[in-house]
Amino acid sequence: MLKIAVLVSGSGSNLQSIIDSIEAQELKCSIEMVISDKEGVFGIERAKQKGIKTYVLDKKIYGKEISKEVLRLTENKVDLIVLAGFLSILDSELITSFKNKIINIHPSLIPSFCGPSMYGIKVHEKAIDYGVKFSGCTVHFVDEGTDTGAIICQKVVPVHPEDTAESLQKRVLVEEHKALPEVIKLISEGRVKVDGRKITII
Ligand code: GRF
């Protein structure tokens, strides 16, 4: 069975979508650990409630060493690292050790509204300001850039004239909660074929 580590920095609703999908027996994988880069986040609570092993690597204490610690905790213990709202940048040693084995979810249709310091509500504010008619979410492999890795799955939502950043965020989040478990399932079934930037679902 696919073993995963889920990394969070916040409320962990995407982590919850993975837990729910496993409990509904739609997804067969085991969450070996949940790691946070911040003390006191609800994502860690969600994991504890389910008896999942948790680690807090406080960004303020670990600084740039976070990646090394994540590697130490996950190496030879998990098959896939899932960034579910994790805000720390990972270094190349970890990315090389887990080549095509780290995925991230981003709340826009990459390559729009992504990259350094584009996270949280800012992403949706930019989408509204730009006047796009559609937004959505993207699940991608993590490479050494920010939000630049090969795209595995995108889900699209309409943007309505009366939308605020908050209402758009809510609509996108519903799709995130479908996309992330779906991609993990595809990976667990060996159905994600990688050819450079071209990902094919077989
Ligand atoms: C999500 O919008 C995710 O796409 C982004 O950060 C947010 C995290 O939400 N990377 P949650 O912590 O999973 O509720």
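See the structure shown above.
Residues numbered from 1 in each chain as written. Predicted model: local features only at pLDDT ≥ 70, side-chain atom pairs only at ≥ 80, totals over all residues. Heavy atoms only, no water.

1. Some details on the overall build of the chain
Secondary structure summary: the chain contains 7 helices and 9 strands in total. Taking 202 residues into account, the globule formula puts the C-alpha radius of gyration at 17 Å, and the chain, at 16 Å, falls close to it. If you line up the chain on its principal axes, its C-alpha atoms span 50 × 40 × 35 Å. Looking at the chain residue by residue over its 202 residues, the buried ones come to 48%. Counted over contacts in the chain with a minimum sequence separation of 6, partners at least 24 positions apart contribute 62%. As presented, the chain carries roughly 10300 Å² of accessible surface, and 52% of it is formed by carbon and sulfur atoms. Averaging the positions of the 27 positive and the 27 negative side-chain charges in the chain gives two centres separated by 2 Å. (Helix = DSSP H or I, 4+ residues; strand = E, 2+ residues; numbered from the N terminus. Rg over C-alpha atoms; globule rule 2.2 N^0.38 Å. Buried < 20%, exposed > 50% of the residue type's maximum accessible area, 1.4 Å probe, protein only. Contact = heavy atoms within 4.5 Å. Areas by Shrake-Rupley, 256 points an atom, 1.4 Å probe, with all protein chains shown as cover. Lys, Arg positive; Asp, Glu negative; His and termini not counted. Charge placed at Lys NZ, Arg CZ, Asp CG, Glu CD.)

2. Looking at the layout of surface pockets
The computed volume of the largest pocket comes to approximately 870 Å³. Lining the largest pocket are 41 residues, with G85, F86, L87, I105 and Y119 sitting closest to its centre. For the lining of the largest pocket, the elements supplying multiple residues, two or more each, are α1 (13-23), β5 (102-106), β6 (134-141) and α7 (165-188). Broken down by class, the residue content of the lining of the largest pocket amounts to 16 nonpolar, 20 polar and 5 charged. Of the pockets and cavities examined, the second largest pocket occupies roughly 180 Å³. What lines the second largest pocket is a set of 13 residues, among which K99, N100, F141, V142 and D143 lie closest to the centre. For the lining of the second largest pocket, a count of residues per class yields 6 nonpolar, 3 polar and 4 charged. (1 Å grid on protein atoms, 1.4 Å probe; cavity = no way out; pocket = protein on both sides within 12 Å on 5 of 7 lines; lining within 4 Å. Points joined across faces, edges and corners; volume = space filled by probe spheres on them. Nonpolar A, V, L, I, M, F, W, Y, C, P; charged D, E, K, R; others polar.)

3. Things to note about the side chain of S9
Structurally, S9 is set in the loop between β1 (2-8) and α1. Among the polar contacts listed, one links the side chain of S9 to the backbone nitrogen of L87, at a separation of 2.8 Å. In contact with S9, not counting residues within four places along its chain, are D37, K38, V41, G85, F86 and L87. (Polar contact = N/O pair within 3.5 Å; in protein donor to acceptor, adjacent residues only side chain to side chain.)

4. Structural notes on the pattern of salt bridges
Evaluated as defined, the whole model comprises 10 salt bridges. As a salt-bridge pair, E182 and K155 come within 3.2 Å of each other at their nearest N and O atoms. On the criterion of sequence distance, the pair formed by E182 in helix α7 and K155 in strand β7 (residues 151-158) is long-range, its members being 27 residues apart. With a relative accessible area of 35%, E182 lands in the partly exposed category. You can call K155 buried: its relative accessible area is 17%. In this structure, a network of salt bridges that share partners links the residues K68, D91 and E93. (Salt bridge = Lys/Arg side-chain N within 4 Å of Asp/Glu carboxyl O.)

5. Description of the site of the ligand
Around the ligand sit G10, S11, G12, S13, N14, G85, I105, P107 and E176, and those are all the residues in its vicinity. At 2.8 Å from an oxygen atom of the ligand is found a main-chain nitrogen or oxygen belonging to N14. E176 has a polar side-chain atom sitting 2.5 Å from an oxygen atom of the ligand. The fraction of the free accessible surface of the ligand (370 Å²) that becomes covered by protein chains is 83%. Applying the majority rule of atoms within 2 Å of the grid points places the ligand in the largest pocket. (Near = heavy atom within 4 Å. Sits in = over half its atoms within 2 Å of the grid points.)

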